[in-house]
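Single-letter residue listing:
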Protein chains: 2
Amino acid sequence: MGGAVRPIPHASTRAAVLDVIRAAGTISRVGLIAATGFTGATISTVVRRLIDDDLVVETGRAESTGGKPRVLLQLNPAARYAVGVHLDHSGITYVLTDLSGAVVARMSRTGAGAEDPPAVVARIARETAALVAGAGVEERRVLGVGLVAPGPLTARSGMRPAPPPLRGWADFPLDDAVGEATGLPVVLGNDATAAALGEYWSGAVKGSATFAAVYVCTGIGAGILVNGIPYHGTSGNAGEIGHVCVAADGPECWCGARGCTEALAGPAAVVAAARADAGTARAAGLAPEPRRGTSSVAADFAAVARAARRGDPGPKALMDRSARYLAVATRTLATVLDLDRIVLTGQGLAVAGSIYLPAIQEELDRTFFARESHPVAVQLSTSAATAPAIGAATTVLQSELVPLHTGTRIPADLAEEEQPRRAPAARG
Amino acid sequence: MGGAVRPIPHASTRAAVLDVIRAAGTISRVGLIAATGFTGATISTVVRRLIDDDLVVETGRAESTGGKPRVLLQLNPAARYAVGVHLDHSGITYVLTDLSGAVVARMSRTGAGAEDPPAVVARIARETAALVAGAGVEERRVLGVGLVAPGPLTARSGMRPAPPPLRGWADFPLDDAVGEATGLPVVLGNDATAAALGEYWSGAVKGSATFAAVYVCTGIGAGILVNGIPYHGTSGNAGEIGHVCVAADGPECWCGARGCTEALAGPAAVVAAARADAGTARAAGLAPEPRRGTSSVAADFAAVARAARRGDPGPKALMDRSARYLAVATRTLATVLDLDRIVLTGQGLAVAGSIYLPAIQEELDRTFFARESHPVAVQLSTSAATAPAIGAATTVLQSELVPLHTGTRIPADLAEEEQPRRAPAARG
């Protein structure tokens, strides 16, 4: 029978225990045994090492029901930090979070624009160093950089095919270059998935941890969370609703397909249509030609959205049309994944969110396929500008904090049965 | 620190051990300890109970590398059986599988057609009893009935909104009625999800256990498997690509939305278009009016597909148009989920599959968003007629067999780290 099995705690056990402590706020060792299913010996060993590494601190005692009071443990949020960098054409957003995911510093800088990739990377390294130094955080406590950018990301690096404003990045080894320039480990990810994670960690999403964040920045995307865990797909490019077809005979998109949501409804399409009509361009205050360096799709899109909200008919018609297509694409996402919650996020929605929200909610109420089973709630993010950067930072923290329950939805017929809990791998 | 933790095996531990034995073919107790991470004591207790219950048998001994030879365990496939019932307008398909998921009996009968739901349910009970008796299986060994039907299924029962041919079922308590008529537990599910599961269990899908089965029967749907586990969504209605929008200005669908795949490309739409054109109807050999009882959408659709394969221009144009829309919807599914494999299945593809397959593969090669990262392989099912019924039966078996690894895809940054294994829940 293999004799006694001696559990040897390894990295994932430690991360799982740390995540339970984080989620609990304060918890005793006995509480950890109950919450994780690990043995008393395992918890004792893991907690001792976490305390030695300064990741966990003992903090007072809880009243016990008989017996001696129990020592409470809590996360030491200042033990480790992570940098989140959100790279986009129109802006680069930085956050520094502590181990609990709380933002301790943030800053926004000029976007990738027309700069060469190496110049942008050198700037990212300088700006990251400034962020960390400005917050008074020791460099050795920074775990790494979470870097998110528009998809599709290839396995090693680069964006292929790259969105038009970022064409120069198609073959650029983004993660290696940033890793070298900053001297920190880099976790590369999709901006929309990071946005969903950022919404979840910042507590904006109540109730279900299975939802999608529809993300509008320079382009359109979506991030999918299943039980609080990002759904990545085969290559980290899941959720790209900007490139699902909403009109089989529609215009060609930069991605090579036809009738994509982004080609019909995206900020660049809206701005191009506004600029093509003199009256609409005037109403929105757009220059006849985009001025290199002083104008960007994001700023022009916000100007069209502001004019639409004022009621100017040209801009309003364009924004309504865009909202209608985004609503149809969101319905597709909700129907394919049978979702009950959508969060609208991204800097593109700062002004336009109040136009898109009612259009999307109305479409889902009327045409979501399983609407007789349940509604789909749509909400506007309250942290749209920083959600992707926060999500990027949390992907770094997750190397220290791994949730215990990473399962997909449990089939209805099994849901009432107790699930087995994890234990450290055994060596016989 | 809470004293000794005494693991008490519960239902899920037992199911997990049983599934490891199933997957292994034959395995020793030492092998089970290594594969599951459970302690020797737990494995010993669980295996003894599985043998007592006749679910597992000891079968010979393996040569050991030194020491005494080890007793090998294997599943007793004849210990338990499950019935799978696939209910559709145009046919009802039954399978009886043993505990290993192997089909021991199958039969096809007339579909729900225009019969009243209670009459169909009474027939299902009779036909189920005949299936079990005909296979010479004792009733007490039948775990239950997996019953799958077109979505959307509401929480308790019924299809709301119901597809037009099944309108009488909208408020019918399907699971309760079949449970009462058969005297067996019933697990209700979506036909397309069951089809994906059936493809997976029947071994048709090699490689990745994350894929979608695009399912064409009377309607169009899709089933999604993530790491071999069905993705159900909030209400069991995930994957409904028949009701995603591929043409925002397209015709109204019975579901209430506009431009749905099913309204443009589904078998009923193809047959209606063929019937509306005298030349096409003649080429396909369709009667001018559908004859109640003697004709069905499925048979007429197959007739149009056969005429298209012969090269008749009218039917060919209709099938090419249908294939084009289904290809676009499949691209949407692949892009949203970042899939690398699609299986085409369902009785509707028996004849039409060879028309759809190249159209879908071409569309994905050309326009799948992450195509620079990886291709999407498309394959035609070799068990299209029975896949949903097999999948239905496996949902019942899963109450005895629960896979150990039910996690979602592990993020790239964690993939190289060893994952913790499960152990029985501890009681401190």
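Residues numbered from 1 in each chain as written. Chains lettered and ligands numbered in written order. Predicted model: local features only at pLDDT ≥ 70, side-chain atom pairs only at ≥ 80, totals over all residues. Heavy atoms only, no water.

*Asks:* Sorry, what's going on with the overall build of chain A here?
*Replies:* Each helix and strand in chain A was counted, giving 13 helices and 16 strands. Counting the 428 residues in chain A, one finds 59% classified as buried. Here the analysis covers contacts within chain A between residues at least 6 apart in sequence; of these, 64% occur between residues at least 24 apart. When the accessible surface of chain A is summed, it comes to about 16000 Å², and 51% of that surface belongs to carbon and sulfur atoms. (Helix = DSSP H or I, 4+ residues; strand = E, 2+ residues; numbered from the N terminus. Buried < 20%, exposed > 50% of the residue type's maximum accessible area, 1.4 Å probe, protein only. Contact = heavy atoms within 4.5 Å. Areas by Shrake-Rupley, 256 points an atom, 1.4 Å probe, with all protein chains shown as cover.)

*Asks:* Explain the side chain of B:Ser322 here, please?
*Replies:* Residue and element names in this part refer to chain B. Turning to its location among the elements, Ser322 is positioned in helix H11 (residues 313–337). Take Ser322: its relative accessible area is 1%, and that puts it in the buried class. The contact partners of Ser322, leaving out residues within four places of it in the chain, are Ala265, Val270 and Tyr356.

*Asks:* For this particular structure, what's the right way to read the state of the cysteines?
*Replies:* Linking two cysteines covalently via their sulfur atoms produces the bond known as a disulfide. The tally for this structure, following the rule as stated, stands at 0 disulfides over all chains. Free of any disulfide, A:Cys245 has its nearest cysteine sulfur in A:Cys260, 6.9 Å distant. (Disulfide = S-S within 2.5 Å.)

*Asks:* Looking at this structure, how should I read the packing of aromatic side chains?
*Replies:* This structure, assessed with the given rule, holds 4 aromatic pairs over all chains. Judged by centre distance (6.4 Å) and plane angle (45°), the rings of A:Tyr200 and A:Phe211 are tilted. Residue A:Tyr200 is located in helix H6 (residues 191–201), and its partner A:Phe211 is located in strand S10 (residues 211–216); the two are separated by 11 residues in the primary sequence. Accessibility expressed as a relative area gives 29% for A:Tyr200, which makes it partly exposed. Note that A:Arg324 overlies the ring of A:Tyr325, its terminal NZ or CZ placed 5.5 Å from the centroid. Looking at B:Arg22, its charged tip hangs above the ring of B:Trp201, at a distance of 4.7 Å from the centre. (Phe/Tyr/Trp six-rings, centres within 6.5 Å; stacked < 30°, edge-to-face > 60°. Lys NZ or Arg CZ within 6 Å of the ring centre and 35° of its normal.)

*Asks:* Would you explain unusual backbone geometry in this entry?
*Replies:* Excluding glycine, a negative phi dihedral is what most residues carry, and trans is how most peptide bonds are arranged. All names here are of chain A. Located in the positive-phi region is Asp338, a residue other than glycine, with phi close to 50°. With respect to the secondary-structure elements, Asp338 resides in the loop between helix H11 (313–337) and strand S13 (341–345). Judged by relative accessible area, which is 1%, Asp338 ranks as buried.

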